[in-house]
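# Secondary and tertiary structure notes
Chain by chain, the residues run as shown.
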Amino acid sequence: MQRIEHHASFGGRQEVWQHASTSTGTDMKFGIYLPPKAVAGEKCPVLYWLSGLTCTEQNFITKAGAQQFAAQHNLIVVAPDTSPRGEGVANDEAYDLGQGAGFYVNATQAPWAQHFRMEDYVVDELPALIEQHFPANPMRGISGHSMGGHGALTLALRHPGIYKSVSAFSPIVAPTQVPWGQKALKAYLGDDATAWKQHDAVELVTSATERLPLLVDQGDADEFLVNQLKPELLKAACDRAGHPLTLRMQPGYDHSYYFIASFMGDHMAHHARALKAG
């Protein structure tokens with residue numbers, strides 16, 4: 001691994017690392033915030049943040065304002081890139097497919113299957129790397145925004161026992177029912193819609209074996225609310241299944257990091273309680 005950035009922040013350190021990934025077969029980058037206790041060598045719990053379409057590891061670490069809350073709660077925060085990148089990695093001219101749009105699934109279809117294995121990367125490879133090289137304990141939470149909110153919800157639901165907490169901002173809760181998700185899942189997983197349902201939070205909630213409480217914040221002025229996000233579908237599914245959900249519709253907020261930064265403190269406190277951080 002190679003550290004390519006490091007900055008003092010709220011008594012801790014914000015760093016960016018690059019490494020060769022066995023999951024994607026490419027170099028991958030991730031941001032990691034080490035709070036004061038971690039800098040001193042004490043093992044701390046880890047919150048994984050998954051970003052949205054077009055993002056890299058930089059959007060979250062520079063715009064979300066998470067470092068002050070991570071320092072307060074002594075949470076390590078890891079923010080990976082949203083897809084494999086580089087020469088020879090399949091791509092698409094549109095912003096919502098290919099590089100920058102991995103959707104946190106393991107692709108099975110050409111030309112994506114060779115490198116686009118983001119589920120393996122986020123769930124298995126990255127935590128093993130973090131726990132080997134940094135003062136991290138095995139307590140893990142997961143959160144994200146938009147496509148990353150989809151990833152946080154579905155990975156937590158698909159892998160019971162891996163995460164102790166989950167939350168999301170403006171998540172794509174039902175990708176099988178909206179244009180962003182239908183386009184990506186068809187490209188990465190093929191024409192069989194039953195395979196898509198395994199990566200749809202609304203579908204997964206119905207058969208979840210673990211009742212991990214979901215915290216979701218959604219702005220009611222979000223330009224993607226009606227056509228792409230549809231949080232009411234998640235609420236209905238959770239109500240039917242008896243799955244714990246706190247859905248907060250935030251008046252006047254849009255899809256931007258201004259929204260995320262406004263409620264980041266609440267989400268960090270939610271994870272800190274579950275991860276017994278402090």
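Remember, predicted model here, so these are calculated numbers, not experimental data. (Residues numbered from 1 in each chain as written. Predicted model: local features only at pLDDT ≥ 70, side-chain atom pairs only at ≥ 80, totals over all residues. Heavy atoms only, no water.)

## A word on the overall build of the chain
Each helix and strand counted, the chain has 11 helices and 9 strands in total. Taken against the 2.2 N^0.38 rule, which gives 19 Å for 278 residues, the C-alpha radius of gyration of the chain at 17 Å falls within 12% of a compact globule. Seen through its C-alpha atoms, the chain measures out along the principal axes to roughly 50 × 45 × 35 Å. Taking the contacts inside the chain whose residues are at least 6 apart along the sequence as the reference set, 71% of them involve residues at least 24 apart. Total accessible area computed for the chain in this model is approximately 10800 Å², and 50% of it derives from carbon and sulfur atoms. Averaging the coordinates of the 21 positive side-chain charges in the chain and doing the same for the 28 negative ones gives two points 6 Å apart. (Helix = DSSP H or I, 4+ residues; strand = E, 2+ residues; numbered from the N terminus. Rg over C-alpha atoms; globule rule 2.2 N^0.38 Å. Contact = heavy atoms within 4.5 Å. Areas by Shrake-Rupley, 256 points an atom, 1.4 Å probe, with all protein chains shown as cover. Lys, Arg positive; Asp, Glu negative; His and termini not counted. Charge placed at Lys NZ, Arg CZ, Asp CG, Glu CD.)

## Some remarks on the environment of F224
By the element assignment, F224 lies in the loop between β8 (214-219) and α9 (225-229). Classification of F224 as partly exposed rests on a relative accessible area of 26%. Expressed as a C-alpha distance, the spacing of F224 and A8, which sit 216 residues apart in the sequence, is 36 Å. Once residues lying within four places of it in the same chain are set aside, the contact partners of F224 are W180, L229 and H255. (Buried < 20%, exposed > 50% of the residue type's maximum accessible area, 1.4 Å probe, protein only.)

## Comments concerning the packing of aromatic side chains
What the rule picks out here adds up to 12 aromatic pairs. Ring centres 6.3 Å apart and planes at 85° place the aromatic pair F30 and F134 in the edge-to-face group. You can see F30 sitting in strand β3 (residues 27-34) and its partner F134 sitting in the loop between α4 (118-133) and β6 (136-144), a full 104 residues away along the chain. What makes F30 buried here is its relative accessible area of 0%. (Phe/Tyr/Trp six-rings, centres within 6.5 Å; stacked < 30°, edge-to-face > 60°.)

## Considering the sheet that holds strand β9 (residues 245-250)
The pairing of strands in a sheet comes from backbone hydrogen bonds and takes either a parallel or an antiparallel form. Ordered by their spatial adjacency, 9 strands build an open sheet running β1-β2-β3-β5-β4-β6-β7-β8-β9, and the pairing between neighbours is mixed. Each edge of the open sheet carries a strand with a single partner, namely β1 (2-9) and β9. Each neighbouring strand pair of the sheet contributes to a mean axis angle of 20°, computed without reference to strand direction. Pairing geometry for β8 and β9, over 6 bridges, is parallel. (Pairing = 2+ DSSP bridges. Axes fitted to C-alpha atoms, helices over the stretch in contact; angles between N-to-C directions.)

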